[in-house]
Amino acid sequence: MQQELRELYQQVILDHNKAPRNFRKIENATNHAEGHNPLCGDNVTIYLVIDENNVIKDIAFQGSGCAISKASASLMTSMLKGKTVEEAEKLFHKFHDLVTDKLGDNFSVDEFGKLAVFAGVREFPARVKCASLAWHTLMNALHGKNESVSTE
């Protein structure tokens, strides 16, 4: 991974872990789901307010876990507010391909924005589950699935 991206990775992860965005419970959520990563003990609950046009009007999370898990949830919620459910699903697949190295080095930092920093987790396979927990939990929340998500 490029040195610039490595440095940005550290900065973004630390920033979003220290001051996570959208870290709160939404009392009037239309959808929510819980997720757990037994490997390192990450827990997350994703809350959504989806309107009649399938637009994510509000999104938030609560939980505890490692810096990568919390930063991923923070960035995810920041990027998805105002997007449609379909756009959120597309971004999930792109993010998953990025962190699981399906894209190799064939991705554009411009295309992913700050999410590009998570390309670094593919070098640490155990951390892929940390980075993707909130995203898998999001998918359950989007589709109203009440069962808990586990990365195992």
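Analysis parameters
The numbering scheme is per chain: residues are counted from 1 as the chain's sequence reads. Predicted model: local features are reported for residues with pLDDT of at least 70 only, side-chain atom pairs are reported and counted for 80 or more only, and whole-chain, interface and lining totals are derived from all residues. Water and hydrogen atoms play no part in the side-chain values, which are based on all heavy atoms of the structure. The way it works is that DSSP assigns letters per residue, a run of H or I at least four long becomes a helix, a run of E at least two long becomes a strand, and they are numbered from the N terminus. To estimate the expected span of a helix, subtract one from its residue number and multiply by 1.5 Å. The term bend refers to the angle at a residue between two fitted axes, each drawn through seven residues, those ending there and those starting there. Each residue is assigned to one of three classes by its accessible area relative to the maximum for its type, calculated with a 1.4 Å probe on protein chains only: buried under 20%, partly exposed between the two thresholds, exposed over 50%. Strands are treated as partners if at least two bridges between them are detected by DSSP. Only heavy atoms matter for contacts: two residues are in contact if any of them lie within 4.5 Å across the pair. Here the axes come from fitting lines to C-alpha atoms, over the contacting stretch only for helices, and the angles between their N-to-C directions go from 0 to 180 degrees. Any angle between 65 and 115 degrees counts as roughly perpendicular, while under 35 counts as roughly parallel, over 145 as roughly antiparallel, and the rest as oblique. Crossings are assigned a handedness: left-handed for a near helix turned anticlockwise from the far helix by less than a right angle, right-handed for a clockwise turn. The residue classification treats Ala, Val, Leu, Ile, Met, Phe, Trp, Tyr, Cys and Pro as nonpolar and Asp, Glu, Lys and Arg as charged. All others, Gly included, are polar.

**Digging into helix 5 (residues 125-142)**
Over its 18 residues, helix 5 extends 26 Å from the first C-alpha to the last, a length consistent with the 26 Å expected when each residue adds 1.5 Å. Of all the bends in helix 5, the greatest, near 45 degrees, is centred on S132. The element helix 5 is extensively covered by neighbouring structure, given that 13 of its 18 residues are classed as buried. Directly after helix 5, the chain includes G144, whose backbone phi takes a positive value near 65 degrees.

**A word on the sheet that holds strand 3 (residues 56-64)**
Taken in spatial order, the 4 strands line up as 3-2-1-4 in an open sheet, and their pairing is mixed. Of all the strands in the sheet, the pair left with one neighbour each is strand 3 and strand 4 (149-150). As defined by bridge partners, strand 1 (residues 31-37) adjoins strand 2 (residues 42-50) across 7 bridges and the pair is classed as antiparallel. Counted as the bridge partner of H32 is Y47 from strand 2. Those strands touched by helix 2 (residues 67-80) are strand 2 and strand 3, and its axis lies near 170 degrees from that of strand 3.

**Looking at the packing of helix 3 (residues 85-99) against helix 5**
At a minimum axis distance of 10 Å, the contact between helix 3 and helix 5 shows a crossing angle of 160 degrees. Our classification of the angle between helix 3 and helix 5 gives roughly antiparallel. Helix-helix and strand crossings are classified by hand; for helix 3 and helix 5 the assignment is left-handed. Every residue of helix 5 that contacts helix 3 at V85, A88, E89, L91, F92, F95, H96 and V99 is listed here: V128, A131, S132, W135, H136, M139 and L142. The class makeup of the residues in the contact of helix 3 with helix 5 is 11 nonpolar, 3 polar and 1 charged.

**Some remarks on the environment of A60**
Among the secondary structure elements, A60 is positioned in strand 3. Along the chain, A60 and L80 lie 20 residues apart, while their C-alpha atoms are 10.0 Å from each other. Look past the residues within four positions of A60 in its chain and what remains in contact with it is N22, R24, I26, T45, I46, Y47 and T77.

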